[in-house]
Amino acid sequence: MNWDDTTDPAAAERLVGSVADGEDQAVEAALRPKDLDEFIGQEKVREQLDLVLRAARARGATADHVLLSGAPGLGKTTLSMIIAAEMEAPIRITSGPAIQHAGDLAAVLSSLQEGEVLFLDEIHRMSRPAEEMLYMAMEDFRVDVIVGKGPGATAIPLELPPFTLVGATTRAGLLPPPLRDRFGFTAHMEFYEPTELERVVHRSAGLLEVGIEADGAAEIAGRSRGTPRIANRLLRRVRDYAQVRADGRITREIATAALAVYEVDGRGLDRLDRAVLGALLRLFGGGPVGLSTLAVAVGEERETVEEVAEPFLVREGLLARTPRGRIATPAAWAHLGLTPPGSRGTGNGQGDLFGA
């Protein structure tokens, strides 16, 4: 059970989007595991983090700063709360976009208690002046507050109590090396296996007091795109269907029927994903086709296709990004039940690329 953020409104509206909306945030608060033993999946990260926290507790010191990277919805926020709970410390939560000036960060840091955990989500989106102030705060536990302007400005050093910064990012490559190097522990969170998501679904169903069969949990897990947040969201929608149109218990048949209503297919693709693939195959013969042209064909913004739909299609091996444009793979033709062009040298590049 585990979760997290992007900022595209189109992603937030999708049932299989990994952005947490208001309903997700409320439910996640009740479903989140409270300690590392309850946390499902991410075995290596859990083991490594457990060692870091146990050692800090044994020394009676604050834990090293922690950087968590990975796609939205995998559990970065949840792990930050677990870190605070394991260290028996309060937690302060903010985000990079909320810190646009060095003064914003100074106000947060100066109000921290000793040993407190500061969770900074989407840390790569913090402003550069605040980022440079954070270097000194992380390393020396002090910041210089600038008073005045111009040549008469003076820097007043402000001592900070020892604290633990937990940074979370969906784009670790955007973090400057000086900031990345100041984290004592860095972990990358991977997508979940279906068996792990089944455990997530079973646990959530128990907390939501929903009866669920093993095959029903497997069906939901298989369509959850490797993301616990999506698994929990699908579980809630299937629960609604089961309560209204069945006896309230989730079986494979109920899960399949419910997700058909919500247009989530057996591989986790939704309407937008299938629209992108459908346009690529039916209108452009499988490609290559430019991103802007493909976006116009499906009636979406270029950024929506590139940032919301494409990452999962590429990860599933249904679409490839090439210098010449987007190209459908043989798996895409098979998934939509279409037959790829059979002749070579048709001008769309399909035969040369895949030997069709």
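Enquirer: Could you give an account of the packing of helix α3 (residues 43-59) against helix α4 (residues 76-86), with specific residues and numbers?
Expert: Two elements in contact, α3 and α4, have axes whose closest approach is 10 Å; the angle formed by their N-to-C orientations is 30°. Accordingly, the angle class assigned to the pair α3 and α4 is roughly parallel. Read as a crossing pair, α3 and α4 show a hand that is right-handed. Residues Val45, Leu49, Leu53 and Arg57 of α3 pack against Leu79, Ile83 and Glu86 of α4. For the contact of α3 with α4, the class distribution of residues is five nonpolar, no polar and two charged.

Enquirer: I'd like to hear about the environment of Pro340, residue by residue, with values.
Expert: Relative to the assigned elements, Pro340 resides in the loop between α15 (330-335) and α16 (350-354). With a relative accessible area of 31%, Pro340 lands in the partly exposed category. It is 7.5 Å that separates the C-alpha atoms of Pro340 and Gly285, two residues lying 55 residues apart in sequence.

Enquirer: Tell me about the side chain of Thr78, and please be specific about residues and values.
Expert: Turning to its location among the elements, Thr78 is positioned in helix α4. Of note is the side chain of Thr78, whose polar atom sits 3.0 Å from the side chain of Arg32.

Enquirer: Tell me about unusual backbone geometry, and please be specific about residues and values.
Expert: Residue Pro288 is bonded to the preceding Gly287 through a cis peptide linkage, with omega at 5°. Mapping Pro288 onto the fold places it in the loop between α12 (271-283) and α13 (291-298). The phi dihedral of Phe141 falls on the positive side, at around 55°, and the residue is not glycine. Residue position: Phe141 is located in the loop between α6 (128-140) and β4 (142-147). Look at Glu263: it is not a glycine, yet its phi comes out positive at around 60°.

Enquirer: Pulling in residues and values, what's your account of helix α8 (residues 194-207)?
Expert: With 14 residues, α8 extends 20 Å between its outermost C-alpha atoms, agreeing within 8% with the 20 Å of an ideal straight helix rising 1.5 Å per residue. Among the residues of α8, those classed as buried are Glu196, Leu197, Val200, Val201, Arg203, Ser204 and Ala205. Positioned one or two residues after α8, Glu209 has a phi angle of 60°, which is positive.

Enquirer: Account for the pattern of salt bridges, with residues named and values stated.
Expert: Using the criterion set out here, one finds 18 salt bridges in the structure. Glu219 is paired through a salt bridge with Arg223; the nearest N and O atoms lie 2.7 Å apart. Accessibility assignment for this pair places Glu219 and Arg223 in one class, buried. Here Asp240 makes a salt bridge to Arg239, at a shortest N to O gap of 3.5 Å. For Asp240, a relative accessible area of 25% puts it in the partly exposed group. Through salt bridges that share partners, Glu219, Arg223 and Arg252 make up one connected network.

The rules behind these values
- Residues numbered from 1 in each chain as written.
- Predicted model: local features only at pLDDT ≥ 70, side-chain atom pairs only at ≥ 80, totals over all residues.
- Heavy atoms only, no water.
- Axes fitted to C-alpha atoms, helices over the stretch in contact; angles between N-to-C directions.
- Helix = DSSP H or I, 4+ residues; strand = E, 2+ residues; numbered from the N terminus.
- Parallel < 35°, antiparallel > 145°, perpendicular 65-115°, else oblique.
- Left-handed = near helix turned anticlockwise from the far one by under 90°.
- Contact = heavy atoms within 4.5 Å.
- Nonpolar A, V, L, I, M, F, W, Y, C, P; charged D, E, K, R; others polar.
- Buried < 20%, exposed > 50% of the residue type's maximum accessible area, 1.4 Å probe, protein only.
- Polar contact = N/O pair within 3.5 Å; in protein donor to acceptor, adjacent residues only side chain to side chain.
- Expected span 1.5 Å × (residues − 1).
- Salt bridge = Lys/Arg side-chain N within 4 Å of Asp/Glu carboxyl O.

Purely spatial values, then, with no claim about function.
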